[in-house]
Amino acid sequence: MIIAVDGPTASGKGTVARAVAAHFGLPHLDTGLLYRAVGYTVARMGGDPDDPASALAGTGFPDATLADPELRSEDVGGLASRVSRHPQVRAALFERQRAFATQPGGAVLDGRDIGTVIAPEAEAKLFVTASLAARAERRFREMRDSGRQADLRDILDDLTARDERDQNRADAPLKVAEGACVLDTTGMTIEQAIAEAVAAVNAAT
Ligand code: C5P
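These numbers come from a predicted model, not from an experiment.

A. Looking closely at the pairing of strand β4 (residues 124-129). Here β4 lies mainly inside the structure; six of its six residues are buried. Along β4, one buried face is formed by Ala124, Leu126 and Val128 and the opposite face, lined by Lys125, Phe127 and Thr129, is buried too. As defined by bridge partners, strand β1 (residues 2-6) adjoins β4 across four bridges and the pair is classed as parallel. Note on β4: the bridge partner recorded for Val5 is Leu126. Direction of pairing for β4 relative to strand β5 (residues 181-184): parallel, over a ladder of four bridges. Paired with Val128 across the two strands is Leu183, which belongs to β5.

B. Up close: the site of the ligand. Lining the immediate surroundings of the ligand are 14 residues, of which Gly32, Tyr35, Ser81, Ser84 and Gly111 lie closest. The set of elements that each furnish at least two residues to the shell around the ligand consists of α2 (32-44), α4 (74-83) and α8 (152-168). Of the residues in the shell around the ligand, the class split is two nonpolar, seven polar and five charged.

C. Fine view of helix α9 (residues 190-204). For α9, with 15 residues, the first-to-last C-alpha span of 21 Å sits near the 21 Å given by 1.5 Å per residue. Where α9 is buried, its residues touch β1, α1 (13-24), β4 and β5.

D. Up close: the UniProt feature "domain: Cytidylate kinase" (unreviewed entry) in the protein. In this numbering, the UniProt entry assigns the feature "domain: Cytidylate kinase" (unreviewed entry) to residues 3-202. Helix makes up 52% of residues 3-202 and strand makes up 11%, while its end C-alpha atoms are separated by 11 Å.

E. Layout of the sheet that holds strand β2 (residues 28-30). In spatial order, the strands read β2-β3-β1-β4-β5; together these five strands make up an open sheet with parallel pairing. What marks the edges here is a single partner per strand, and that holds for β2 and β5. Between one strand axis and the next, the sheet turns by 20° as a mean value, whatever way the strands run. Pairing geometry for β1 and strand β3 (residues 107-111), over five bridges, is parallel. Across the sheet, the residue bridging to Asp6 is Gly111, located in β3. Together, β1, β2, β3 and β4 form the strand contacts of α1, whose direction differs from that of β3 by roughly 180°. Each of β1, β2 and β3 is contacted by helix α5 (residues 87-101), which is oriented at about 145° to β3, the strand it contacts most.

F. Main features of the environment of Ala55. Along the polypeptide, Ala55 turns up in helix α3 (residues 52-57). On the neighbour-count criterion, Ala55 (26 C-beta atoms within 10 Å) is buried. Expressed as a C-alpha distance, the spacing of Ala55 and Asp166, which sit 111 residues apart in the sequence, is 16 Å. Residue contacts for Ala55: discarding those within four places in its chain leaves Val38, Val42, Pro49, Val83, His86 and Val89.

Reading the values: the criteria
- Residues numbered from 1 in each chain as written.
- Predicted model: local features only at pLDDT ≥ 70, side-chain atom pairs only at ≥ 80, totals over all residues.
- Buried ≥ 20, exposed ≤ 12 C-beta atoms within 10 Å, placed from the backbone.
- Helix = DSSP H or I, 4+ residues; strand = E, 2+ residues; numbered from the N terminus.
- Pairing = 2+ DSSP bridges.
- Near = placed C-beta within 6 Å.
- Nonpolar A, V, L, I, M, F, W, Y, C, P; charged D, E, K, R; others polar.
- Expected span 1.5 Å × (residues − 1).
- Contact = placed C-beta atoms within 7 Å.
- UniProt positions renumbered as here; feature names shortened; annotations may be inferred.
- Axes fitted to C-alpha atoms, helices over the stretch in contact; angles between N-to-C directions.

Pasting the structure below:
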């Protein structure tokens, strides 16, 4: 069974995907981390994330990079969204995601194009979303709670820019996959969102 979880930044898709994977006893891949590793590697090499050749060079990151906590930072998220626009980068990461999705026994993957490009044949597809205000508020609290400097206006601007880039790129833009169940988590607690997601997967399979 393949479960595809897509959605915009800070929608709760990562939390939902992890919980769904635990519930069904399936391995989980956060594909955003792969794009983050590329963006991070390009920056460390002194490359330009907007240049296709430079961005492609970042796809050769060593596996150990994926465990670096720095990958979770806002800055690296911004770099990831820039390198992810290049079709060469997406193509270079395709096989790795495809192999994970098709492993015997099934898998849960979360990202932007899982239900549309990586595993269009997924038995269950979820599109997790929330209003811009709710997503910004969650990101704000998350940053503040972890002791980081947070400014709501900056977060709103950053989310808007990332949505813009993710939805309007030519290759694999973020959109609701055919047959996907849209889960709007605005106003839901994490527990409610997880319960709804599990119910949607059960209904689809
Ligand atoms: O989900 P996360 O915020 O970690 O993803 C970082 C960036 O990587 C996203 O803004 C998006 O541009 C890109 N991405 C993508 N396709 C995926 C996963 C992430 O383009 N499947």
